[in-house]
Amino acid sequence: LKRGENDKAATDLDTLLTDGSSDPVVHKLRGELYETAHDWDRAVSELTIAIEGGQGDAETIMVRARAHRAAGDDISAMIDYDLALDRDPNFAKALIARGQARFRMGLFPSAVPDLVKGTERAPNDIAAALWLYVAEARANQDGSTALRTAMQRLHPQGWPSALGQLFLGHASVDEVM
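Please read all numbers here as calculations on a predicted model, not as lab measurements.

## Thoughts on the side chain of Thr119
- Considering the arrangement of structural elements, one finds Thr119 in helix 7 (residues 108–121).
- By relative accessible area, Thr119 is classed as buried at 15%.
- There is a polar contact of 3.0 Å between the side chain of Thr119 and the backbone oxygen of Val116.
- When near neighbours in sequence (up to four residues on either side) are disregarded, Thr119 contacts Ile96, Ala128, Ala129 and Leu132.

## Regarding the packing of aromatic side chains
- Counted according to the given criterion, the structure contains three aromatic pairs.
- An angle of 65° between the planes, with centres 5.0 Å apart, marks the rings of Phe103 and Phe108 as edge-to-face.
- Overall, the relative accessible area of 13% leaves Phe108 in the buried class.
- Geometrically, the ring pair formed by Phe103 and Trp131 is edge-to-face, given 5.3 Å between the ring centres and 90° between the ring planes. Here Trp131 lies in helix 8 (residues 126–138) and Phe103 lies in helix 6 (residues 92–104), a separation of 28 residues in the sequence.

## A short note on a nonpolar patch on the surface
- Side chains of Ile75, Ile79, Met105 and Leu107 sit close together on the surface and give an oily, nonpolar patch of about 380 Å² of accessible area.
- Locating Ile79 in the fold gives a position in helix 5 (residues 74–87).

Cut-off values and rules
- Residues numbered from 1 in each chain as written.
- Predicted model: local features only at pLDDT ≥ 70, side-chain atom pairs only at ≥ 80, totals over all residues.
- Heavy atoms only, no water.
- Helix = DSSP H or I, 4+ residues; strand = E, 2+ residues; numbered from the N terminus.
- Buried < 20%, exposed > 50% of the residue type's maximum accessible area, 1.4 Å probe, protein only.
- Polar contact = N/O pair within 3.5 Å; in protein donor to acceptor, adjacent residues only side chain to side chain.
- Contact = heavy atoms within 4.5 Å.
- Phe/Tyr/Trp six-rings, centres within 6.5 Å; stacked < 30°, edge-to-face > 60°.
- Patch = residues over 30% accessible without salt bridge, like charges linked within 9 Å, V, L, I, M, F, W, Y side chains within 5 Å.
- Areas by Shrake-Rupley, 256 points an atom, 1.4 Å probe, with all protein chains shown as cover.
- Salt bridge = Lys/Arg side-chain N within 4 Å of Asp/Glu carboxyl O.

Structure follows, in structure tokens:
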């Protein structure tokens, strides 16, 4: 949605529910709308209604997980990452997000498998490759081979190539900054 259209879209969606119906698809759309507007509590509420009403695909659960995470509720976000992966065990976004959450919790060894599997399914997600490298380093593992492979897909002078070069010891902080 374009800036300023959120209110109109919300009003239109509200109109669809005024007849007393509780269409889970409308709640899903409202939840996604609130999530893009950074109204985390309303997003979680609407998406929960949608999921409980049968709109519980992995992508919808991930939207709710993002809202939980943004609201500072990492535990509920982790529960949703697990639920999304129950629905689709190969869902790269959920694998990467759960790996990042485990990393932020200091669970470096358990972050690595999710990030490995996520980067295998999303090989062009260079940010995920950087997360994997750092998680492996914090878990006392060598992640340089995977990072070098991911770096081959980047323009050598582009971002985040410079950060990868720094991590691999091929550039100094002064060169990156």
